[in-house]
Every structure is written in C-alpha cells, then in structure tokens.
Amino acid sequence: MMYNAPYYSFFKKLRFRSFRSKAILSFLTFLASLIVWAASYFYIHRKDTLSDTISIAILDTSKQFNANIDNYNTFFYTGYRDAAFYDKSEASSLYIYLANLRSIPEQLETIKAQASSIDIPLDIKTITDNYKTLRKEVLTLVAKMERRGYKNFGIEGKMQEKAQLLIDSDAIDQTTILKLRNYEKDFLLRGEKQYYSDFNYLSSQLLNNTRLSDSTRILLRGYQEDFRTLVSLNDEIGYYSNSGLHKQITTLHSTIQKDFSDISVATSTEIESKKTTQITATSITSILFAFILVLLVFYLSKNLTKGVQKLNTDIAHFIESDFEDIQEIESDHTILEIDSLFSSYQKLKETLINNIEELEVTAKKATDNANYKTQFLSKMSHEMRTPLNGIQGMLHLLRSSDESPQKREEYIAIVDRSVHQLSDLITMILDHSRLETGNLEIQERSVNLEQDITQLMRIFEYQAKEKSLDFEYHNSCDTNYKVYVDSLRIQQVLINLMKNAIKFTQTGKITITIEELDFSNDIQLVRFVVEDTGIGMDESDFDRLLESFEQGDNSKTRKFDGAGLGLSLSNNLLKLMGSKLCVESSLGNGTTFYFDLPLKKAESKIRKEVSKKIEVALSDNPENIHVLIVEDNKINQKVLERLLSQLKISCDIASNGKEGIALFKKNTYNLILMDINMPVMGGVEAAKQIKSLKKYKTQAAPPIIAVTAGVASESDSFTSENSLDEFLGKPIDFDTLKMIIKKYLNIN
C-alpha cells in the first residue's frame, strides 16, 4: 500500500512522546470541558429567560384585554352619554378601548415572533380572527349608538328639538305634549315597550285630528318616526336586554379570554418540552466538543507553542515601536495554520498602520467639523437673536399706551422687517442644510421665466426706491416662450444677489440685465447680471465669500450684518443647474455678479393658462370675490381673514378638510386657501376630493393654494402631484398673498 509522502511526514510529526504534552493535553481537556459546560449553561439560561418572557407577555396581554373590557362596559352603560364620545375625543372610554383593541393583535404578533425564534409554535389565527370580528361588531355598535344619541345628540336630540317646537307652536295642548314627553322619558329610563305603545297610540290620535296644521302634522309625524327609530336601534344594540350587538360583543369577550387561556397552557407545555430537549442536546454537544478539543490539543500543542511564542515576541516589539515597525515576521513553517496566522498577523500590522493614518486624517476632519458646527451655531444664534430682539423690544413698546400713532406705526414696521428677516434666515438655513445633505433637487418644468422675473423685478424696484436708489431692468433677449427650468431657484439666486446689492449700496443705482449669449438647437444661453454702485470688494475675497458664513468684512466691528449664507447658497444652487457665480469688483467702485444658464425651449409658444385661472367679470372690484379658508389653527384663521379683509375680499372658514368640502358643495368660491396638516381630513385629501367633484369640473374651477410651513411641500412636484396649484409658505407674507391673488384672479 502506497502513502502520500508529504501527508505521511506531516502525520508522523504529530506523534507525542513527552510527559509534558500529556500534561498539557489533560489540562486543556479540562479547560475545554469547562468552557463548553459554561456555554451550554448560558445557552439554556438564555432560552429559559426568553421562554419566561413569552409566558409573562401572554399573561400581561390577557390581563390587558380583561382590563380593556371595563372600558367597553363603561362606554356602553355611561360613556355614550358623554359629549366626548360625540366629539370623538381620545379621552372617551370608547376610543381608549378601540386603541387597546388595535394594540393587542400587534403584541400577539410580537409574542409569536419571539416564540418562533426558539422554535415554539404559537397559533394565534383563531384569536386574531376573533379580534377582527370583535372590532367589526364594536364599530357597528358605535355607529348605531352614535345615531341613537343622548340628550342633545343623535335621534334623541332630534326628538327633544321636535318636542320643544311642538311646545312653542301651541298647536297641541301642553298637557298632551307633556304626556308624550313622559312616555318618551319613561321608555328611555326603563326600556319597557308599553310606554312606546302608549306614545304611538296618543300621537296617532293627534295625527287623526283634522284641525292640526300641515306643519304641526309633519313635525308630530317626524317626532313619532324618530321614536320608532330609537326603539329599533335599542333592540339592535341590546341596550335594555342581554341581546343584539351587546350580547355578541360580550360573547366574543368571553371567547377571546378562553383563547388566551388555551394559548397560555399550550405555550407552557411546549416550553417545558423544549427545555428538556435543550438540556439533552447541550449535554451531548459538550461531550463532542470536549472530545474534539482533546484531539486538537494533543496533536498541536507542542508545535503551536514555538510559533505562538515567536508571534508574541513580535507583537510586543511592535507595540514598543509605537506601531511603526513594519518588518515582516518569518514563520518556521512548522504547520500550515501557523504560517497562515503569521501571514494574517503581517496583514493586520499593515492594516493597523494604515488605519492609524486614516484615523489621524478623520480626527482632523472631525475637529474641522466640530469647529464648523460651533461657528454655525454661534453665527445663527447671533443672526436669529437680532430680529427676535427687534420683535420683542417693539412689542414691549407697543404695549405702552403713551406712544403716538406715528411711533406705533414705526414700531410695527420694525416688527414686520424683523419677521421678514427671520423668515428669510430660516429659509436659507434649511436650504443650506438640504444642500449639505444632498436632499435638495432641481425641479425643472415648463414656465414663462420672463413673466416670473418681471414680477420679481417689481418687488425689488420698490425696495430700491425705499432706499432712494435708482433701479434699472434690461432684458435684451427674446424670451416670449416657455423654457424648461427651475424658476423658483433662479428667482432665489436673483433675490440673494439683489438683497446683497441693496444692502451694500448706499447711493447710486442697481442694474439688472438679461442678455442672450448664444442660441442653437433650441438651447438659449442667457447671462443674468446684477450690478450695483456699492462699496465693492477685493477680487481676492471672492472665493472666501462663497464659503458659508463669510462676508467681505468679517471682523467683529463690520458695518453690515447678515448670516453670510446667501452667496454660498446661490453658488451651490447654480452648480446644481450647471452654472457658477462670477464676480467683477473693486473696492469703492461697486460689484457685478453674473452667471450663465442654458435654457431649453419648450415645444410651443406661451399659452394662456385657463386651467389654473378664473376670469372675474369685475376684475377691479374685489368685493365680488369669495375665498374659502381651510385651516384648523384659530390664529392662522384670524390672520388670513384679516389680510383678506384689508383687500376687501370676503371669506368662509372651515376647520378641517371635511368641513371645507361641505362648504365648497354649498357655496361658490373664486379661490381656496388650503392648510396641509389638519385633523379629521388633511389638505391633500380634501383637494383631491374637491377636484373630483362634478361641480368643480363643470363650473368655474377655483385654484387651490397650499398654505403650510412644511419644507417638503415647497416643491413643484409636491403641489402638482397632490391636486394643488400653488404654494404659500408660513409665516404668511402679505405681498406674496397679494401676488397669488393677482396671478389667479386678475385683480389689480
């Protein structure tokens, strides 16, 4: 028989000849057995702990369900009389019951997942199905009890109203009406059908009286029909007897309690069985591991000792050299695993050295980021406190009754400027944050850019005149067509540049120029130029100005305040659009900012957008305009109402989307101002339902304007995808509101 020489030589070397090897083998066998035993113990302990957790969780869930039944009983016997039930308040015992009812199936699923992790089957289908049936029956009962009502609510409330109208009409003898009322109250108190029969008999006699007027007869017949409906609902609910929906729900409660008991017993039995199996398996595993370890230690201990000692020496030397010694360690090639260990150790040394170098770089970056965050917080704290201080100080002065009307107007103007300054700062901070995290996207769509910029120029012409500056706007290129571009971001860049120009120009003029550089293949290359005669700057400062929180004069005593985000933000926005911000300037001779943008021409000339505008017959008479405000916040309701009142525009107010839909069906509106986040029904859902109505499609369709403080809602994709025509941010700017009204309603 032939042997493979290398393998035979290898196994020959593994023979043990010394007593030392046997002693080491014995010791290591004991140690390995101890380790395996400890591992088995902790494994079983973990399983036991999880098993106990599952048992306790099932018991706690069962107790929670039993306690929740009290919430149902409280609602059924007394809770339906509480106005909180009809107002759908979360404090109502019914809604506490329903909330707990929703949470228990989720807890069962969690328990089932835990049980599955230790191979314990847990069948919760039956109890889950019973829960679904219970929830369905409870919701049916709630609907019927809500319809039945109590006192001022539901059918019982209607009966009170009709009875009072009959009393006020004097068409029926007061004593007779009092009898009807007593029959009604006795039935509601005792639930005996005899009172209902007496009521029917007496009311039928009254209806047979030919002298009753038609209105009284209709009222009395409605009173009689409401009572009949009330009796029918009581029977369906099972209010006065253990029957109907109440009986079904009570039965389901008992069934689910039994299901919990069955699950608890079955789980406990399975857990005990698993514990026995786990102990047996762990014992067998311990014996096998101990046997394998004995063999490995017996064959390898002698050869491993030499290699490990050498490795240990090299590690100590490597540590003493401050992890800089990269000299390669050589193995004596005793066994293959030792060679592999030496090779891995060498790679580990190289990797560790590389990691140390990378950590040094990372530490430097972390320090820089910490400094950046500190600078950001310090800068923003200062910039936000400035307008807040203005608002707080002026409001304090406005409380004084000694100030003249002129002074009060001055204080109000300061508050208004501070609010605008704070709002602009928050917008820049949010955009800066979204740019830093890569969450800001360019939303290109077909727009009339010339129209948007012309409207923007009117605003800045007014601001320039407020500072006694001359303002010129020149557009030398043909833009009488739509282009694909993010008009909002272009306007944002121009706004930042214009604000800079107005801020740093004390006398002289500001010039805005739009000129065509090239036009080919439906791509128009357009240059936007903002030129001022202000203080100017050194061109060497320009690169620093494109960094966040920087100004030309960055000293603590600088003349002009500001966050220093505008130019950085503008340049980053232009980079997203394939451009960059350029400057030409010198100290004392003004500054010229410009950027070039390629504009892709749309397929057709500008069309009149009749789908989002309403032509008003008397466009110069805002009193004929009627606006619907859908807003849940009382303060915001009052703000919008007063702003529209200043424009002599009437309005209706709804507190949620559901009320807004109801008012739209009832009245005709020229414009809808829709909040997004509201209780009962949100603005997005309300807008979709309004636009799906036949009235909206067949009559003049009013634009729906989203009014919200949500950052994500500012994008064009958000408004277009959610049946909204425009975005109006909070806090609400009066000038922006006027521009939207002018845009969609053609009012001067």
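For clarity, every value in this text was computed on a predicted model and none was experimentally measured. (Residues numbered from 1 in each chain as written. Predicted model: local features only at pLDDT ≥ 70, side-chain atom pairs only at ≥ 80, totals over all residues. Heavy atoms only, no water.)

Draft legend 1. Representation of the overall build of the protein chain within the structure. Along the backbone of the protein chain there are 22 helices and 12 strands. Looking at the protein chain as a whole, 40% of its 748 residues are labelled buried. Of all intrachain contacts in the protein chain linking residues separated by at least 6 positions in sequence, the fraction that spans at least 24 positions is 70%. (Helix = DSSP H or I, 4+ residues; strand = E, 2+ residues; numbered from the N terminus. Buried < 20%, exposed > 50% of the residue type's maximum accessible area, 1.4 Å probe, protein only. Contact = heavy atoms within 4.5 Å.)

Draft legend 2. Spotlight on helix α16 (residues 566-576). Of all 11 residues in α16, 8 are buried; the element is thus mostly enclosed. Buried residues of α16: Gly566, Leu567, Ser568, Leu569, Ser570, Asn571, Leu573 and Leu574, and no others. Backbone geometry just downstream of α16 places glycine 578 in the positive-phi region, at approximately 80°.

Draft legend 3. Looking closely at the packing of helix α7 (residues 174-190) against helix α8 (residues 193-207). One way to put it is that α7 packs onto α8 with a least axis distance of 8 Å and a crossing angle of 155°. Here α7 lies roughly antiparallel to α8, going by the angle between them. Along this stretch, α7 crosses α8, giving a crossing that reads as left-handed. Here Thr176, Lys179, Leu180, Tyr183, Asp186, Phe187 and Arg190 of α7 come into contact with α8, specifically with Lys193, Tyr195, Tyr196, Asp198, Phe199, Leu202, Ser203 and Leu206. By residue class, the composition of the contact of α7 with α8 is 8 nonpolar, 2 polar and 5 charged. (Axes fitted to C-alpha atoms, helices over the stretch in contact; angles between N-to-C directions. Parallel < 35°, antiparallel > 145°, perpendicular 65-115°, else oblique. Left-handed = near helix turned anticlockwise from the far one by under 90°. Nonpolar A, V, L, I, M, F, W, Y, C, P; charged D, E, K, R; others polar.)

Draft legend 4. Region of the structure containing the pairing of strand β9 (residues 650-654). One ladder, built from 5 bridges, connects strand β8 (residues 626-630) with β9; its direction is parallel. Each residue of the ladder has a partner; that of valine 627, found in β9, is cysteine 651. (Pairing = 2+ DSSP bridges.)

Draft legend 5. Looking closely at a nonpolar patch on the surface. There is a patch of nonpolar side chains on the surface, built from Leu31, Leu34 and Ile35 and spanning about 260 Å² of accessible area. Along the chain, leucine 34 turns up in helix α2 (residues 19-77). Among the residues examined, leucine 34 registers a relative accessible area of 42% and is labelled partly exposed. (Patch = residues over 30% accessible without salt bridge, like charges linked within 9 Å, V, L, I, M, F, W, Y side chains within 5 Å. Areas by Shrake-Rupley, 256 points an atom, 1.4 Å probe, with all protein chains shown as cover. Salt bridge = Lys/Arg side-chain N within 4 Å of Asp/Glu carboxyl O.)

Draft legend 6. Structural detail: helix α5 (residues 125-148). For α5, with 24 residues, the first-to-last C-alpha span of 34 Å sits near the 34 Å given by 1.5 Å per residue. Of all the residues in α5, the buried ones are Ile127, Thr128, Asn130, Tyr131, Leu134, Glu137, Val138, Leu141, Val142, Met145 and Arg148. Positive backbone phi, approximately 80°, marks glycine 149, located one or two places after α5. (Expected span 1.5 Å × (residues − 1).)

Draft legend 7. Region of interest: the packing of α8 against helix α9 (residues 214-237). Two elements in contact, α8 and α9, have axes separated by 10 Å at closest approach and are oriented at 165°. The orientation of α8 relative to α9 falls into the category roughly antiparallel. Here α8 and α9 pass one another in a crossing that is left-handed. Where α8 approaches α9, its residues Lys193, Tyr196, Phe199, Asn200, Ser203, Ser204, Leu206 and Leu207 are matched on the opposing element by Arg217, Leu220, Arg221, Tyr223, Gln224, Phe227, Arg228, Val231 and Asp235.

Draft legend 8. Region of the structure containing the packing of aromatic side chains. Taken as a whole and assessed by the stated rule, the structure comprises 9 aromatic pairs. For the pair phenylalanine 65 and tyrosine 131, a centre-to-centre distance of 5.6 Å together with 75° between the ring planes defines the contact as edge-to-face. Of this pair, phenylalanine 65 sits in helix α2 while tyrosine 131 is found in helix α5, placing the two residues 66 residues apart along the sequence. With a centroid separation of 5.0 Å and an interplanar angle of 15°, the aromatic rings of phenylalanine 528 and phenylalanine 595 are classed as stacked. (Phe/Tyr/Trp six-rings, centres within 6.5 Å; stacked < 30°, edge-to-face > 60°.)

Draft legend 9. Local environment of the sheet that holds β9. Spatially, the 5 strands line up as an open sheet ordered β9-β8-β10-β11-β12, and their pairing is parallel. This sheet does not close on itself; its edge strands, each paired only once, are β9 and β12 (726-729). Strand-to-strand twist across the sheet, computed as the mean angle between neighbouring axes with direction ignored, equals 25°. Here helix α17 (residues 634-646) sits on the sheet in contact with β8, β9 and β10 (671-675), set at roughly 170° to β9. Those strands touched by helix α19 (residues 683-692) are β10 and β11 (704-708), and its axis lies near 150° from that of β10.

Draft legend 10. Structural view of the pairing of β11. Within β11, 5 of the 5 residues are buried, which leaves the element mostly enclosed by the surrounding structure. Side chains Ile704, Ala706 and Thr708 project from β11 onto one buried face, and the interleaved Ile705 and Val707 project onto a second face that is buried too. Strand direction decides the pairing type here: β10 and β11, joined by 4 bridges, are parallel. Across the sheet, aspartate 675 pairs through a bridge with valine 707, a residue of β11. Direction of pairing for β11 relative to β12: parallel, over a ladder of 4 bridges. In the sheet register, isoleucine 705 faces β12, and the bridge partner there is glutamate 726.

Draft legend 11. Structural detail: the nonpolar core. In this structure, Phe65, Tyr131, Leu134 and Leu141 are the most contacted members of the largest nonpolar core, which totals 41 residues. Elements that contribute at least two residues to this core include exactly α2, α3 (83-86), α4 (93-117), α5 and α10 (244-320). Counting residues in hydrophobic clusters, the runner-up holds 38 residues, among them Val447, Ile453, Ile514 and Leu567. (Core = buried A, V, L, I, M, F, W, Y, C linked by side-chain atoms within 4.5 Å.)

Draft legend 12. Representation of the pattern of salt bridges within the structure. Using the criterion set out here, one finds 14 salt bridges in the structure. For aspartate 226, the salt bridge is made with lysine 162, and the minimal N-O distance between the two is 2.9 Å. Residue aspartate 226 is found in helix α9, and its partner lysine 162 is found in helix α6 (residues 154-169); the two are separated by 64 residues along the sequence. Look at aspartate 226 and you get buried, because its relative accessible area is 12%. Here lysine 691 and aspartate 725 are joined by a salt bridge, their closest N and O atoms 3.3 Å apart. Here the residue lysine 691 occupies a position in helix α19, and aspartate 725 occupies one in the loop between α21 (716-721) and β12, the gap between them amounting to 34 residues. With a relative accessible area of 10%, aspartate 725 lands in the buried category.

Draft legend 13. Up close: unusual backbone geometry. In this structure, serine 468 takes a positive phi of about 60° despite not being glycine. Summarising the element assignment, serine 468 is placed in the loop between α13 (449-466) and β2 (470-475). One non-glycine residue, lysine 648, lies in the positive phi region at around 60°. The residue lysine 648 is located in the loop between α17 and β9 in this model. Here lysine 648 falls in the exposed class, since its relative accessible area comes to 55%.

Draft legend 14. Structural detail: the environment of glutamate 236. Following the sequence through the fold, glutamate 236 ends up in helix α9. Judged by its relative accessible area of 33%, glutamate 236 falls in the partly exposed class. In sequence terms glutamate 236 and leucine 141 are 95 residues apart; their C-alpha atoms lie 8.6 Å from each other. Dropping the residues within four chain positions of it, glutamate 236 is found in contact with Lys144, Gly244 and Leu245.

Draft legend 15. Quick peek at the environment of leucine 469. Inspection of the secondary structure assignment puts leucine 469 in the loop between α13 and β2. Linking leucine 469 and glycine 508, residues 39 residues apart in sequence, is a C-alpha distance of 5.7 Å. Those residues in contact with leucine 469 that sit more than four places away from it in its chain are Ala464, Ile502, Thr505, Gln506, Thr507, Gly508 and Ile510.

Draft legend 16. Seen up close, the confidence of the model for the protein chain. With 74% of its residues at a pLDDT of 70 or more, the protein chain shows a mean pLDDT of 76. Counting interchain partners and residues more than four positions distant, the pLDDT-below-50 stretch residues 604-619 has 28 contacts. (pLDDT = per-residue confidence, 0-100.)

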